[in-house]
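# Structural overview
Here is what each chain is made of, one letter per residue.
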Amino acid sequence: MTITTQPSGTSTKIWPSDDEVNARYPVFTRANTGEVFTDASSPFTWSLLGRVVYEGGYRDALFRIGAFAPSDFGPLETGKCTCVASFGGYVYINLSMSRVLGVRAPGMTTQAIDQSFFGEHPDVPDYVEHPDDVDEARSADIGAWMGAIFAPAPDPNAGHARDIDAFLAAVPDFSGLSDGQLVAYARRVVDELRPVFATHMFNLYSANIATGVVAQAAGAAGLGHLTSAIFAGLGGVDSAQQSFDIWRISRIVRRSPELTAAFDAGLDGALGRITGSSSADAAAFGEAWDRFISDWGFLGPSVWELRSPTYASQPRIVLHMIDGSRRAEDDASPEKRTSSFAAERQAAVAAVAAALEGTEAHGMFVAAAGVIPSLLPAREGSKVQCTRLVNHVRDVMKELGRRHVEAGRIAHWSDILMLQDSEIDGYLEAPESWGRTIVERRATLTELESKVPPFIVDGRYPDLEDFRAPEREVTRAAVGDVLQGIGVAPGSHTGRVQVVTSIEDDVDLEPGDVLVARTTDSSWGALFLVAGAVVVETGATISHAAIVSRELGIPAAASVPDALGRLATGMVVSVDGSTGEVRVVSE
């Protein structure tokens, strides 16, 4: 759905922390942001992190790239975010600005930018030229940046990882801090997060440019079907590593009759049954479990929203992943699935390069293909580092919320997040005066999350009526019908459809099933271990579903319109991860 026409600023805000639609850069999209803000953002999350971290860090990255100058933006003000914004509580990224980058970047186009974000999504509006989009000075700066990113470089995330390790090692004892000191400490973490997010956006645009160059060149050579192979088998992708770890734990369970029996008895109480045993198998599981939670416990659904659960706070999510993975045979290991990918990638690069020999595109293609193995993992790595700090803010606010639950002022710790950053100091002075506000906002949030936000906002702040029911009326696909998306992970697979709407649900995904979802985020990775293929409604070549599918050796199609409505659990479909074709075999 696309929201258009009505001038910005004419609608009453649906959500207190929402932003205005920017008149100069008016087109926003949920593409990519749905991976980290799947659900609506709480007022505290967006008012604390949105303006300073996400808007400020985004601008920092664009200035570093050279695509924009500070004069292209207004001041950083609450409610007036430009690069990223909240509408109806849902977080959007500014598409207009990315298209300007496509105009100003040498050798790039707005179409290539759109392809990297959406694939062939039908709701994407046409690019409308603005007289200020062309800027020769900015183009020269971007050209210098592109020359730099196409050359080998050290890991851009290594310094951040060390700094975050040191910062988290010096965490104060929360019990010794007053309520006001806890809030002040949360605000301090924001200062640590902004430069990490700036690096993440720098990495994202670097990856977008490189993948866009490769896709354009492969298409020009008549070998577009090889694009997904060029992006596969890279290794070192953080968002896929947790899946490898889950697989290893699932093998411990599968090979142990005792652990298998513990899971067969049901997930409720499974950890207790295992930790209560003194066997060697139970000890091996416990050691692997503790390591996993230590390494990945900060992850979860809608991972940058502070009220969201994590693996550490809701371990059933992880247990369910292990439960599904243990049913898969050893031959389904991700290592075996991807054993040929490196050679296939090299062959695909060689084929496209040979077809482009003697053309202007040859040199840029070779350079871009050469840095893909570092740029795509860097994009995922910086997202993980951001998530570590976001989770630290979550821990701080959980402590504050817990105290006020115990004092009888709020019903749940996350109610504290119904307040904006500008309001929370007033709440601490007189909590009783904010009770009605918290209850009303919680009710509004429940209503917002019962609906699907518009995928595109084009020049107009949306009304609540613009949010639709989770499943709109579409014609169910029949045998022989083909749903066309874009191929983002090579290979083909035929299997039973399993529609999944939330990782928090107990998903009955059997080995070989075709996982169908609206979008996926980092908490979904282990489900891919069981899936035979993945189909998502949104995303493109560098979305989470695409990157993780390629690393785990699973065919995937992205940007498949209305996949959740047209496909139903139990159908059998054939997925071609090179062409993006999803064909219904039986109903």
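Residues numbered from 1 in each chain as written. Predicted model: local features only at pLDDT ≥ 70, side-chain atom pairs only at ≥ 80, totals over all residues. Heavy atoms only, no water.

In this section: the overall build of the chain. Each helix and strand in the chain was counted, giving 19 helices and 13 strands. Taking 587 residues into account, the globule formula puts the C-alpha radius of gyration at 25 Å, and the chain, at 24 Å, falls close to it. When the backbone C-alpha atoms are referred to their principal axes, the chain occupies close to 75 × 65 × 50 Å. Burial status across the chain gives 58% buried among its 587 residues. Expressed as a percentage of contacts within the chain between residues at least 6 apart in sequence, the contacts between residues at least 24 apart total 75%. Per element, the accessible surface of the chain, about 21,600 Å² overall, is 51% carbon and sulfur. (Helix = DSSP H or I, 4+ residues; strand = E, 2+ residues; numbered from the N terminus. Rg over C-alpha atoms; globule rule 2.2 N^0.38 Å. Buried < 20%, exposed > 50% of the residue type's maximum accessible area, 1.4 Å probe, protein only. Contact = heavy atoms within 4.5 Å. Areas by Shrake-Rupley, 256 points an atom, 1.4 Å probe, with all protein chains shown as cover.)

With that settled, the discussion passes to the sheet that holds strand 6 (residues 482-484). Within a sheet, each strand pairs with its neighbour through backbone hydrogen bonds, oriented either parallel or antiparallel. In spatial order, the strands read 6-13-12-8-9-10-11-7; together these eight strands make up an open sheet with mixed pairing. Edge strands, defined here as strands with exactly one partner in the open sheet, are strand 6 and strand 7 (486-489). Across this sheet, the average inter-strand angle for adjacent strands is 30°, counted without regard to direction. Bridge count between strand 8 (residues 492-499) and strand 12 (residues 572-576): five bridges; the pairing is antiparallel. The residue of strand 12 that forms the bridge with histidine 493 is valine 575. Sitting on the sheet, helix 18 (residues 544-552) is in contact with strand 7, strand 10 (533-536) and strand 11 (556-558), with an inclination near 50° to strand 7. (Pairing = 2+ DSSP bridges. Axes fitted to C-alpha atoms, helices over the stretch in contact; angles between N-to-C directions.)

Below, the discussion takes up the side chain of arginine 394. Here arginine 394 lies in helix 15 (residues 361-406). Side-chain polar atoms of arginine 394 contact the backbone oxygen of valine 303, separated by 2.9 Å. When near neighbours in sequence (up to four residues on either side) are disregarded, arginine 394 contacts Phe298, Val303, Glu305, Leu306, Ser308, Thr310 and Trp413. (Polar contact = N/O pair within 3.5 Å; in protein donor to acceptor, adjacent residues only side chain to side chain.)

Turning next to the environment of glutamine 111. Mapped onto the elements, glutamine 111 comes out in helix 3 (residues 110-118). It is 9.3 Å that separates the C-alpha atoms of glutamine 111 and aspartate 126, two residues lying 15 residues apart in sequence.

We now examine the packing of helix 6 (residues 179-220) against helix 16 (residues 421-429). One way to put it is that helix 6 packs onto helix 16 with a least axis distance of 10 Å and a crossing angle of 165°. By the angle class used here, helix 6 and helix 16 are roughly antiparallel. The handedness of the crossing between helix 6 and helix 16 comes out as left-handed. The residues of helix 16 that touch helix 6, namely those facing Asp179, Gly180, Val183 and Arg187, are Asp421, Ile424, Asp425 and Leu428. A breakdown of the residues in the contact of helix 6 with helix 16 according to their chemical character gives three nonpolar, one polar and four charged. (Parallel < 35°, antiparallel > 145°, perpendicular 65-115°, else oblique. Left-handed = near helix turned anticlockwise from the far one by under 90°. Nonpolar A, V, L, I, M, F, W, Y, C, P; charged D, E, K, R; others polar.)

Applying the stated criterion across every chain, the model contains 36 salt bridges. Ionic pairing is found between aspartate 330 and arginine 255, a salt bridge with its closest N-O pair at 3.7 Å. Taken together, the positions of aspartate 330 in the loop between helix 12 (316-325) and helix 13 (334-337) and arginine 255 in the loop between helix 8 (238-254) and helix 9 (257-264) put the pair 75 residues apart, joining distant regions of the chain. Looking at aspartate 330, the relative accessible area reads 34%, which means it is partly exposed. (Salt bridge = Lys/Arg side-chain N within 4 Å of Asp/Glu carboxyl O.)

For the rest of this paragraph, the subject is helix 3. Turn by turn, an α-helix covers 3.6 residues, leaving residues three or four places apart pointing in a common direction. The element helix 3 is extensively covered by neighbouring structure, given that seven of its nine residues are classed as buried. Tucked into the core, helix 3 has its buried residues touching strand 2 (27-29), strand 4 (90-94), helix 2 (95-104), helix 6 and strand 5 (456-458).

Next up on the list: the pairing of strand 8. Look at any regular strand and the pattern is simple: side chains alternate between the two faces of the sheet. Pairing of strand 8 with strand 9 (residues 514-517) involves three bridges; the strand directions are parallel. Bridging from a neighbouring strand, valine 497 pairs with valine 514 of strand 9.

Here we take up the confidence of the model for the chain. Of all residues in the chain, 97% attain a pLDDT of 70 or more, and the chain-wide mean is 91. Within the model, the stretch residues 1-10 combines pLDDT values under 50 with 30 contacts to residues more than four positions away or in other chains. (pLDDT = per-residue confidence, 0-100.)

The next thing to look at is the packing of aromatic side chains. Counted according to the given criterion, the structure contains 23 aromatic pairs. Relative to tyrosine 311, the ring of phenylalanine 292 has its centre 5.9 Å away and its plane inclined at 25°; by these criteria the two rings are stacked. Separated by 19 residues along the polypeptide, phenylalanine 292 in helix 11 (residues 280-296) and tyrosine 311 in the loop between helix 11 and helix 12 bring together distant segments of the chain. Residue classification places tyrosine 311 among the buried residues on the basis of a relative accessible area of 0%. Taken together, Phe37, Trp46, Tyr54, Phe197 and Trp304 form an aromatic cluster joined through their ring pairs. In this arrangement the basic side chain of arginine 64 is found over the ring face of phenylalanine 202, its NZ or CZ atom lying 3.6 Å from the centre. Here the guanidinium or amino end of arginine 251 rests over the ring plane of tryptophan 247, the centre of that ring lying 3.9 Å away. (Phe/Tyr/Trp six-rings, centres within 6.5 Å; stacked < 30°, edge-to-face > 60°. Lys NZ or Arg CZ within 6 Å of the ring centre and 35° of its normal.)

Judged by which residues are buried, strand 9 turns out to be covered on both faces: Val514 and Val516 on one side and Leu515 and Ala517 on the other are all buried. Note that strand 9 and strand 10 share four bridges and pair parallel. By the bridge assignment, valine 516 is partnered in strand 10 with valine 535.

So, about helix 16. Taken together, the buried positions of helix 16 are Asp421, Glu423, Ile424 and Tyr427. Along the axis of helix 16, the buried positions cluster into a sector of 135°, meaning they face one direction only. Seen from the open side of helix 16, the exposed residues pointing more than 90 degrees away from its buried face are Ser422 and Glu429. Check the buried side of helix 16 and you find it contacts helix 1 (43-65), helix 6, helix 15 and helix 17 (435-448). (Arc of directions from axis to C-beta.)

In this section: the nonpolar core. Grouped together as the largest cluster of nonpolar side chains are 174 residues, with contacts concentrated most on Tyr54, Phe365, Met397 and Phe528. A per-element tally of this core places helix 6 first, with 20 residues. With residues up to four places along the chain from it excluded, the contact list for methionine 397 reads Phe44, Ala186, Trp413, Ile416, Leu417 and Ile424. One finds Leu483, Val560, Leu567 and Met571 within the second-largest nonpolar core, a separate group that totals 17 residues. (Core = buried A, V, L, I, M, F, W, Y, C linked by side-chain atoms within 4.5 Å.)

Okay, the packing of helix 5 (residues 158-169) against helix 15 next. Their axes nearest at 10 Å, the elements helix 5 and helix 15 cross at an angle of 20°. Viewed along their axes, helix 5 and helix 15 adopt a mutual orientation that is roughly parallel. Viewed along their axes, helix 5 and helix 15 form a crossing whose handedness is left-handed. Between helix 5, through Ala161, Ile164, Asp165, Phe167 and Leu168, and helix 15, the contact on the second element is made entirely by Gln385, Arg388, Leu389 and His392. Looking at the contact of helix 5 with helix 15 residue by residue, the classes come out as five nonpolar, two polar and two charged.

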